[in-house]
Amino acid sequence: METFEPVIVAFCCHYCAYTAADMAGTMRLDYPANVKIVRVPCSGKVDPIHMMKALELGADGVLVAGCLEGDCHFKTGNVKAARRVTYVQTQLEEIGVEPQRLAMVTMSAGMGTRFAAIANEFTEQIRKLGPNPVAAARKAQAAPAPVAQVN
Amino acid sequence: MITAERKPLAEIIDYIDNCRRILLVGCNECVTVCAAGGRKEVAMLASAMQMDFMKRGKTVDIREMTLERQCEPEYVEELAPFIDQADAVVSMACGCGVQEVVRRFRGKRVYPAVNTSFMGAAERPGVWAERCHGCGNCLLGLTGGICPIARCSKRLMNGPCGGSSKGKCEVSTEIDCVWQLIWDRLKELGIEDRYEEIILAKDWRTERGGGPRKIVREDLAQ
């Protein structure tokens, strides 16, 4: 059976998680290629619709990565992001999509090791959950009709 | 502003489950301010509906639109070019907006996506509280600018009931006793003697007692 390789979108704050990801690279730490990074000026810039759209358009998991509590460059962007993540999780629950597919994490710019660890853990968590049911349905719809079988 | 809250997704989906083309319409006024039915909420609901349908192997075509004011015919008219391409309209405006769309497009099914709640003000970001009941005969001039109709659980007009305790209402400790607020305000203004004045029994015909209400300004009416 084909191994399921999840697609994970990570919205990373420029001031912490994005730099931490960079540091993970500099430190030659391995983390799965499944994690696709989108750099944002602050985790507070990530709107609920960005999280929803990522999942709607095929991501299997979404990470919002911001600064440690109290360390936000814009004071409270990370706190707002955490609340929005909780809100979107309730919306996902309503439509029967596992809320665990979305998570908020925090780290400082120097935590390259933590970034790599989180990327590994979250990828494993999503791998266990399996493909996003919406993405699977989308793929099935897009697939060409099966060729008629001869008896 | 008129406040509203989005309905549970299951209820909305139940209305439109047999439809394949949906016109999802928000409003740029009150429901935008109370984060229930503005452009952002329209996008969120469209995404949630899309995901719900896809998950069940169904396809749905959702057109998102947000009108300047859904309670005015001039703006509702903007839906006309798109209305025939939709099996149903889902409105995220207050009840007034929903009914204005119904009035203009008689042959179209129109469903509400929000529960219209009350006329209120923002206490702080994300928290809205009832402030006006629309009784049609404003008492604020007598009560220090604080409304006992909208904010007293019993709509009492001459002081608190026995359930007032430590400035809170017996219904919930989260509700201020409005007559405590009124008394404090009258004292601040140095007009506590106003409290002694008896407010006569209210004429509720200006509220709903006289049936559905209408305002006609002869100089403006066409």
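Parameters at a glance
Residues numbered from 1 in each chain as written. Chains lettered and ligands numbered in written order. Predicted model: local features only at pLDDT ≥ 70, side-chain atom pairs only at ≥ 80, totals over all residues. Heavy atoms only, no water. Helix = DSSP H or I, 4+ residues; strand = E, 2+ residues; numbered from the N terminus. Buried < 20%, exposed > 50% of the residue type's maximum accessible area, 1.4 Å probe, protein only. Contact = heavy atoms within 4.5 Å. Areas by Shrake-Rupley, 256 points an atom, 1.4 Å probe, with all protein chains shown as cover. Lys, Arg positive; Asp, Glu negative; His and termini not counted. Charge placed at Lys NZ, Arg CZ, Asp CG, Glu CD. Pairing = 2+ DSSP bridges. Axes fitted to C-alpha atoms, helices over the stretch in contact; angles between N-to-C directions. Parallel < 35°, antiparallel > 145°, perpendicular 65-115°, else oblique. Left-handed = near helix turned anticlockwise from the far one by under 90°. Domains from an automatic or database assignment. 1 Å grid on protein atoms, 1.4 Å probe; cavity = no way out; pocket = protein on both sides within 12 Å on 5 of 7 lines; lining within 4 Å. Points joined across faces, edges and corners; volume = space filled by probe spheres on them. Nonpolar A, V, L, I, M, F, W, Y, C, P; charged D, E, K, R; others polar.

### Observations regarding the overall build of chain A
1) Next: Of regular secondary structure, chain A possesses five helices and four strands.
2) Next: For chain A, the α and β elements follow one another from N to C terminus as β-α-β-α-β-α-β-α-α.
3) Next: The burial tally for chain A puts 44% of its 151 residues in the buried class.
4) Next: The contacts in chain A between residues at least 6 apart in sequence include a share of 80% that link residues at least 24 apart.
5) Next: Total accessible area on chain A stands at roughly 8,200 Å², and carbon and sulfur atoms take up 56% of it.
6) Next: Across chain A, 15 positive and 14 negative side-chain charges occur, with their mean positions spaced 6 Å apart.

### A look at unusual backbone geometry
1) Next: We note that A:Lys75 has phi near 75°; this positive angle belongs to a residue other than glycine.
2) Next: Along the chain, the position of A:Lys75 falls in the loop between strand S3 (61-66) and helix H3 (77-94).
3) Next: Non-glycine residue B:Arg155 carries a positive phi angle of around 55°.
4) Next: For B:Arg155, the position within the fold is in the loop between helix H7 (148-151) and helix H8 (178-189).

### Things to note about the sheet that holds S3(A)
All names here are of chain A.
1) Next: Here four strands make up an open sheet; going across it, the order is S2-S1-S3-S4 and the pairing parallel. Of all strands in the sheet, those bounded by a partner on one side alone are strand S2 (35-40) and strand S4 (102-106). Between one strand axis and the next, the sheet turns through 20° on average, direction left out of account.
2) Next: Here five bridges tie S3 to S4, and the two strands are oriented parallel to one another. Bridge pairing in S4 links Val64 to Met104.
3) Next: Lying over the sheet, helix H1 (residues 17-26) contacts strand S1 (8-13), S2 and S3, oriented at roughly 110° with respect to S1.
4) Next: Packing of helix H2 (residues 48-56) onto the sheet brings it into contact with S1, S3 and S4, and relative to S3 it is tilted by some 150°.

### Some words on the packing of H2(A) against helix H3 (residues 39-55) of chain B
1) Next: The geometry of H2(A) relative to H3(B) is characterised by a closest axis approach of 10 Å and an angle of 20° between their N-to-C directions. Comparing the axis directions of H2(A) and H3(B) gives the class roughly parallel. The two elements H2(A) and H3(B) meet at a crossing, and its hand is left-handed. Listed contacts from H3(B) to A:Pro48, A:Ile49, A:Met52, A:Lys53, A:Leu55 and A:Glu56 of H2(A) are B:Ala43, B:Met44, B:Ser47, B:Ala48, B:Gln50 and B:Met51.

### Some details on the environment of B:Gly136
1) Next: With respect to the element layout, B:Gly136 can be found in the loop between strand S7 (127-132) and H7.
2) Next: Not counting the four nearest positions on each side in its chain, B:Gly136 is found in contact with B:Thr206 and B:Arg213.

### Focus: the domain arrangement of chain B
1) Next: Once the domains are mapped, chain B shows domain 1 (2-117) and domain 2 (136-206).
2) Next: Relative placement of domain 1 of chain B and domain 2 of chain B: their C-alpha centres are 38 Å apart.

### Some words on the layout of surface pockets
1) Next: Volume-wise, the largest pocket comes out at about 1,200 Å³.
2) Next: Around the largest pocket, the lining comprises 26 residues; the ones closest to its centre are A:Tyr87, B:Cys34, B:Ala35, B:Gly126 and B:Trp128.
3) Next: Here the element with the most residues in the lining of the largest pocket is H3(A); it accounts for seven residues.
4) Next: Partitioning the lining of the largest pocket into residue classes produces 11 nonpolar, five polar and 10 charged.
5) Next: Here the second largest pocket defines a volume of roughly 740 Å³.
6) Next: Of all the elements in the fold, those that place two or more residues in the lining of the second largest pocket are helix H6 (95-104), strand S6 (114-124) and S7 of chain B.
7) Next: Classifying every residue of the lining of the second largest pocket gives six nonpolar, five polar and five charged.

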